[in-house]
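An overview of the molecular structure
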Amino acid sequence: MKFIKPQDLNEDSFILDVRDEEEHKEESLAYHHILTPLKTLKPEIFIKEHGLNGKETINIICSSGGRASEAAQMFEKSGYDNVAVVIGGIIEADYEGVPIVRN
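Okay, so let's go over this structure. For clarity, every value in this text was computed on a predicted model and none was experimentally measured.

1. Regarding the nonpolar core
Burial of nonpolar side chains together is a common tendency in soluble globular proteins. Leu 16, Val 18, Leu 41, Phe 46, Ile 58, Ile 60 and Phe 75 are the most contacted members of the largest nonpolar core, which has 18 residues in total. In terms of residue count, helix H3 (residues 66–77) provides more of this core than any other element does, four residues in total. The contact partners of Val 18, leaving out residues within four places of it in the chain, are Thr 36, Pro 37, Leu 38, Leu 41, Ile 60, Ile 61, Cys 62, Arg 67, Ala 68 and Ala 71. Counting residues in each nonpolar core, the second largest holds 12 residues, with Leu 29, Ala 84, Ile 90 and Val 98 among its members.

Quick look at the structure:
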């Protein structure tokens, strides 16, 4: 498992947001991302649905990093090791000036 800073994300990053839908409705990354709440995440199914082969880094974000770390561990247990936790989550991304959409 790797850890990256929010400012390392860009429009080409493969980003998984594991927050709840209500949190996501309030604010989200302006970059393309996939919302799959942690409580419904099934790594094996996610990997198949998105055609991932292990070369793509899955950058996982939540509010502050806790759920993202848990999701990363789930992927690793499923045999997908190319995962990165976004340190500080959406909170840090906003603080660092990463583009955020607010509703």
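2. Looking at the pattern of salt bridges
Evaluation of the coordinates by the stated rule reveals five salt bridges. The partner of Asp 20 in a salt bridge is Lys 39, and the shortest N-O contact between them spans 4.0 Å. Residue Asp 20 is found in the loop between strand S2 (14–17) and helix H1 (21–26), and its partner Lys 39 is found in the loop between strand S4 (34–35) and helix H2 (43–49); the two are separated by 19 residues along the sequence. Judged by relative accessible area, which is 25%, Asp 20 ranks as partly exposed. What you see here is one network of salt bridges that share partners, running through Glu 27, Asp 94 and Arg 102.

3. As for H3
A rise of 1.5 Å per residue sets the reference length of H3, with its 12 residues, at 16 Å; its end C-alpha atoms lie 17 Å apart and thus fit the reference within 8%. As for H3, its buried residues are in contact with S2, H2, strand S5 (58–61) and strand S6 (83–86).

4. Overview of the pairing of S6
The alternating pattern of S6 places Val 83 and Val 85 on one face and Ala 84 and Val 86 on the opposite face, and all of these are buried. By the bridge criterion, three bridges tie strand S1 (residues 2–4) to S6 in an arrangement that is parallel. Each residue of the ladder has a partner; that of Phe 3, found in S6, is Val 85. Taking the sense of rotation as the criterion, the β-α-β connection linking S5, H3 and S6 turns out right-handed.

5. A word on the packing of aromatic side chains
Overall, the coordinates contain three aromatic pairs when judged by the stated rule. With a centroid separation of 5.7 Å and an interplanar angle of 80 degrees, the aromatic rings of Phe 46 and Phe 75 are classed as edge-to-face. Here Phe 75 lies in helix H3 and Phe 46 lies in helix H2, a separation of 29 residues in the sequence. Residues Phe 46 and Phe 75 agree in their burial class; the two are buried. Ring centres of Phe 75 and Tyr 80 lie 6.3 Å apart, and the angle between their planes is 65 degrees; this geometry places the pair in the edge-to-face category. When sorted by exposure, Phe 75 lands in the same class as Tyr 80, which is buried. Through pairs of rings, three or more aromatic residues link up here, namely Phe 14, Phe 46, Phe 75 and Tyr 80.

What counts, and at which threshold
Residues numbered from 1 in each chain as written. Predicted model: local features only at pLDDT ≥ 70, side-chain atom pairs only at ≥ 80, totals over all residues. Heavy atoms only, no water. Core = buried A, V, L, I, M, F, W, Y, C linked by side-chain atoms within 4.5 Å. Buried < 20%, exposed > 50% of the residue type's maximum accessible area, 1.4 Å probe, protein only. Helix = DSSP H or I, 4+ residues; strand = E, 2+ residues; numbered from the N terminus. Contact = heavy atoms within 4.5 Å. Salt bridge = Lys/Arg side-chain N within 4 Å of Asp/Glu carboxyl O. Expected span 1.5 Å × (residues − 1). Pairing = 2+ DSSP bridges. Right-handed = clockwise from strand over helix to strand, strands pointing away. Phe/Tyr/Trp six-rings, centres within 6.5 Å; stacked < 30°, edge-to-face > 60°.

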